[in-house]
Amino acid sequence: MKPPLPPARGFSLPELLTVTAIAAVLLGVALPDLGGLLRAQQLRAATNDLFNAIGLARAQAIARNQHVLVLPRDEAGADWRQGWTVFADRDGNGLPGPGDDILAEHEALAAGLTADFSFTSPAAPYYIAYNGAGRSCSTSGAARWGTLSLFHGGAIRRIKINMLGRARACNPAHDTNCEGAEAPG
């Protein structure tokens, strides 16, 4: 005679269905927050990438003792959403060309991100330039400072450049002295 089989271990069908239903409800509650997290991460990444490009431009301007620019990649030089180019402007025309050293390029920003530029000289092109002393300047050499604001899903990040060329990133929701353009409506 065979010994009796031990009882089967596991879950019953009603138990599995209950756990699955609870998991589906929790996922449904958490899913909208995932979209907000994704937008927040895209905004942080874009701000960090642009901040690093500005830092690279300043460092290279000092190292090369010449003008280095960060310029939006669109034709008019006004739309930061299309990405940007960091280049040493050897020919002094304010545009990347065959004689210039391209130091970095950034692709277009994620969909939904917008940008606004508010500098001492408001006309396009909306470049950021540094001279050999590491000061923010216009292509003619005059001091140029201001704020570049990035917006996504109701959140704002700003990059502020002072008249000496020092850049800082800030969040107006948490940081003081982080004013700038309002989100486009």
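As a reminder, the structure under discussion sits directly above these lines.
Rules used in this analysis
- Residues numbered from 1 in each chain as written.
- Predicted model: local features only at pLDDT ≥ 70, side-chain atom pairs only at ≥ 80, totals over all residues.
- Heavy atoms only, no water.
- Phe/Tyr/Trp six-rings, centres within 6.5 Å; stacked < 30°, edge-to-face > 60°.
- Buried < 20%, exposed > 50% of the residue type's maximum accessible area, 1.4 Å probe, protein only.
- Lys NZ or Arg CZ within 6 Å of the ring centre and 35° of its normal.
- Pairing = 2+ DSSP bridges.
- Helix = DSSP H or I, 4+ residues; strand = E, 2+ residues; numbered from the N terminus.
- Axes fitted to C-alpha atoms, helices over the stretch in contact; angles between N-to-C directions.
- Patch = residues over 30% accessible without salt bridge, like charges linked within 9 Å, V, L, I, M, F, W, Y side chains within 5 Å.
- Areas by Shrake-Rupley, 256 points an atom, 1.4 Å probe, with all protein chains shown as cover.
- Salt bridge = Lys/Arg side-chain N within 4 Å of Asp/Glu carboxyl O.
- Polar contact = N/O pair within 3.5 Å; in protein donor to acceptor, adjacent residues only side chain to side chain.
- Contact = heavy atoms within 4.5 Å.
- Disulfide = S-S within 2.5 Å.

Visitor: Got a sec to walk through the packing of aromatic side chains? Specific residues and values, please.
Guide: Within the structure shown, the criterion is met by four aromatic pairs. Geometrically, the ring pair formed by Phe117 and Tyr126 is stacked, given 4.9 Å between the ring centres and 15 degrees between the ring planes. Owing to a relative accessible area of 10%, Phe117 belongs among the buried residues under this scheme. For Tyr126, a relative accessible area of 21% gives the class partly exposed. Each residue in the set Trp80, Trp84, Phe117, Phe119 and Tyr126 is aromatic and connected to the rest through ring pairs, giving one cluster. Its guanidinium or amino end placed over the ring of Tyr127, Arg144 lies 4.0 Å from that ring's centre, counting from NZ or CZ.

Visitor: Got a sec to walk through the sheet that holds strand S9 (residues 167–170)? Specific residues and values, please.
Guide: Taken together, the four strands give an open sheet; going across it, the order is S4-S7-S8-S9, and neighbouring strands pair in antiparallel fashion. At either margin of the open sheet sits one strand with a lone partner, and together these are strand S4 (114–119) and S9. The sheet shows a mean angle of 15 degrees between the axes of neighbouring strands, taken without regard to direction. Judged from the seven bridges that link them, strand S7 (residues 146–152) and strand S8 (residues 155–161) form a sheet pairing that is antiparallel. Bridging from a neighbouring strand, Leu148 pairs with Ile159 of S8.

Visitor: I'd like to hear about a nonpolar patch on the surface, residue by residue, with values.
Guide: On the surface, a cluster of nonpolar side chains totalling about 300 Å² of accessible area is made up of Leu31, Leu34 and Leu37. Mapped onto the secondary structure, Leu34 falls in helix H1 (residues 13–64).

Visitor: Before we move on, could you go through the side chain of Ser136 and cite the residues and values that matter?
Guide: Note that Ser136 resides in strand S6 (residues 136–137). A polar contact of 2.3 Å, which involves the side chain of Ser136, links it to the backbone oxygen of Arg144. Excluding its chain neighbours within four sequence positions, the residues that come into contact with Ser136 are Ala129, Tyr130, Ala142, Ala143, Arg144, Trp145, Ile161, Asn162, Met163, Leu164 and Gly165.

Visitor: Quick one: what's the story with the state of the cysteines, residue by residue and with numbers?
Guide: Two cysteines whose sulfur atoms are joined by a covalent bond form what is called a disulfide. Tallied over the full model, the rule gives one disulfide. Cys170 shares a disulfide with Cys178; S-S distance 2.0 Å. Taking the sign of the S-S torsion, about 85 degrees here, the bridge from Cys170 to Cys178 comes out right-handed. Residue classification places Cys170 among the buried positions, given a relative accessible area of 4%. The class for Cys178 is buried, based on a relative accessible area of 4%.

Visitor: So what about the environment of Gly153? Which residues, and what values?
Guide: Following the sequence through the fold, Gly153 ends up in the loop between S7 and S8. Taking the relative accessible area as the measure of exposure, Gly153 reaches 61% and is therefore exposed. The sequence separation of Gly153 and Ala40 amounts to 113 residues, and the corresponding C-alpha distance is 7.8 Å.

Visitor: Please set out the sheet that holds strand S2 (residues 84–88) residue by residue, giving values where relevant.
Guide: Here we have five strands laid out as an open sheet, ordered S3-S2-S1-S5-S6, and antiparallel in their pairing. Two strands lie at the open edges of the sheet, namely strand S3 (101–106) and S6, each paired on one side alone. Taken together, the five bridges between S2 and S3 define a ladder with antiparallel strand orientation. By the bridge assignment for S3, Thr85 is matched with Glu105.

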